[in-house]
Amino acid sequence: MVIYLLLFYAYPLYRNLDLSLRDYTVRSFVSGGAPFTGLDNYREVFSDKTFAPALWHTVVFTGASLFFQFTIGLALAVFFSRHFRLSVVLRALFLVPWLLPLIVSASTWSWLLNSETGVVNYLLGLLGLGKVDWLTSPEWSLSAVTIANVWIGIPFNLVVLYSGLQTIPESLHEAAALDGANAWQRFWRISFPLLRPVSAITLLLGLIYTLKVLDIIWIMTKGGPVDSSTTFATWSYRLGFGSMLPSFGLGAAVGNLLVLAALVFGLIYIRTERKKVIA
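All figures in this text were calculated on a predicted structure; none of them were measured in a lab.

(A) Representation of the overall build of the chain in the model. A tally of regular secondary structure across the chain gives 15 helices and 0 strands. If one aligns the C-alpha atoms of the chain with their principal axes, the spans along those axes are about 75 × 60 × 30 Å. Across the chain, every contact between residues at least 6 apart in sequence was considered, and the portion connecting residues at least 24 apart equals 65%. Of the roughly 16600 Å² of accessible surface on the chain, a fraction of 70% belongs to carbon and sulfur atoms. Across the chain, the centroid of the 19 positively charged side chains sits 7 Å from that of the 14 negatively charged ones.

(B) How the structure looks around the packing of helix H9 (residues 141–166) against helix H12 (residues 196–211). Remark: H9 packs on H12, axes separated minimally by 10 Å, with the N-to-C direction vectors making an angle of 155°. Taken as axis vectors, H9 and H12 run roughly antiparallel relative to one another. The crossing of H9 and H12 is right-handed. For the pair H9 and H12, the contacting residues are Asn149, Ile152, Phe156, Asn157, Val160, Leu161 and Gly164 in the first and Val198, Ser199, Thr202, Leu205, Tyr209 and Thr210 in the second. Its residues assigned to classes, the contact of H9 with H12 shows 7 nonpolar, 6 polar and no charged.

(C) Examining the packing of aromatic side chains more closely. Scanning the entire structure with this criterion turns up 19 aromatic pairs. Ring geometry for Tyr4 against Phe8: centres 5.2 Å apart, planes inclined by 40°, an arrangement best described as tilted. Of the two residues, Tyr4 and Phe8 both sit in helix H1 (residues 2–20), 4 residues apart, roughly one turn of that helix. Taking 5.7 Å as the distance between ring centres and 10° as the angle between the ring planes, the aromatic pair formed by Trp184 and Trp188 counts as stacked. Taken together, the residues span about one helical turn, with Trp184 and Trp188 both in helix H11 (residues 183–194) at a distance of 4 residues. We classify Trp184 as exposed; its relative accessible area is 56%. An aromatic cluster of at least three residues, connected via ring pairs, comprises Phe46, Phe51, Phe232 and Trp235.

(D) Molecular detail of the pattern of salt bridges. Scanning all chains against the criterion turns up 5 salt bridges. Asp18 is the partner of Arg15 in a salt bridge, and the nearest nitrogen-oxygen pair spans 3.2 Å. Pair noted here: Arg15 and Asp18 are both in helix H1, with a separation of 3 residues, about one helical turn. On the basis of relative accessibility, which here comes to 13%, the residue Asp18 falls in the buried class. In this structure, the salt-bridge partner of Arg238 is Asp227, at a minimum N-O distance of 2.8 Å. Separated by 11 residues along the polypeptide, Arg238 in helix H14 (residues 232–241) and Asp227 in the loop between helix H13 (215–220) and H14 bring together distant segments of the chain. Under the relative-accessibility criterion, Arg238 is labelled partly exposed at 24%.

(E) Looking closely at helix H3 (residues 40–47). Within the span of H3, buried status applies to Asn41, Tyr42 and Val45. Considered in projection along H3, the buried side chains sweep an arc of 95° and stay on one side of the axis. Exposed residues on H3 whose side chains face more than 90 degrees from its buried face are Arg43 and Ser47.

What counts, and where the lines are drawn
Counting from 1, residues in each chain are numbered in the order their sequence is written. Since the coordinates come from a predicted model, pLDDT governs what is reported: local features require at least 70, and pairs of side-chain atoms require 80 or more to be given and counted, while whole-chain, interface and lining totals use all residues. For side-chain calculations, the full set of non-hydrogen atoms in the structure is used, while hydrogens and water are omitted. Strands are runs of DSSP state E lasting at least 2 residues, helices are runs of H or I lasting at least 4, and numbering of each runs from the N terminus. In what follows, a contact means two residues having at least one pair of non-hydrogen atoms within 4.5 Å. All accessible areas in this document rest on Shrake-Rupley with a 1.4 Å probe, and a residue is counted as covered only by the protein chains that are shown. The charge count treats Lys and Arg as positive and Asp and Glu as negative. His and the chain ends do not count. Every charge is mapped to an atom, namely NZ of Lys, CZ of Arg, CG of Asp or CD of Glu. Comment: axis = line fitted to C-alpha atoms, over the contacting stretch for helices; angle = value between 0 and 180 degrees taken between N-to-C directions. The scheme is simple: roughly parallel for angles under 35 degrees, roughly antiparallel for over 145, roughly perpendicular for 65 to 115, oblique for anything else. What makes a crossing left-handed is the near helix being turned counterclockwise from the far one by less than a right angle; a clockwise turn instead makes it right-handed. Residues are grouped as follows: Ala, Val, Leu, Ile, Met, Phe, Trp, Tyr, Cys and Pro are nonpolar; Asp, Glu, Lys and Arg are charged; every other residue, Gly included, is polar. Classification of ring pairs uses Phe, Tyr and Trp, with its six-membered ring standing for Trp, and accepts pairs whose centres are within 6.5 Å; under 30 degrees between planes counts as stacked, over 60 as edge-to-face, and the remaining range as tilted. Working definition: with a 1.4 Å probe on protein chains only, accessible area under 20% of the residue-type maximum means buried, over 50% means exposed, and in between means partly exposed. Here, a salt bridge means any side-chain nitrogen of Lys or Arg that lies within 4 Å of a carboxyl oxygen of Asp or Glu. Summarising the geometry, the arc corresponds to the directions from the helix axis toward the C-beta atoms.

Here it is, written out as structure tokens:
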């Protein structure tokens, strides 16, 4: 396990950190000998005009995705915990977005949200509403990629939270029902508190995944138009691989900001869990 962690986690992180502290060009990346520049790449990233919008888009995209994925996933988990007829079949169908390759999901949503031929605008037209330029308007592009990411992430939340609900003894709900508690009170006073450990790890994993989402945004909007859907993940990719003159050091610096964010939230989670164990 130690060898595995060193090879596939520690070494890549070290290389990415080293990459962000040097002035790598295509030539020096192949031949070596990139000059050490210290924190210059980070200073350039922080002073870049793209930094503030990308930070805001990352926060909005991540926060909205987590909120709706968790809320809808929890609602579906509670719904399916009733074990009605065809519940297994319906749960299996809800897993489809999670199982599809991301390129397929993103391409599908690009077609659905197409301004001229998309199904969504067609339905809006039937309701008497005007068409929305989902992918080509700076006002709507971030919402479009967020909707697609929410759809993809709901099944994961559904599966994990449903499994958590199955571990709660049914006798607790029966006792609460005998005491006169209605369905909402049983959920809010019993299920939701007992589901907090599962909810915490679900949100943490969802956060780490969402921070690094690239495929969906890149395929649907490429971070545009006019950087209106650019996040740190797409910005990092564009700096390192999205042009004929890549800036590997700058791309690595932006990527390390994402690593730092995930590390901070991971440490907060570990610290919180340790306090619970001690208590």
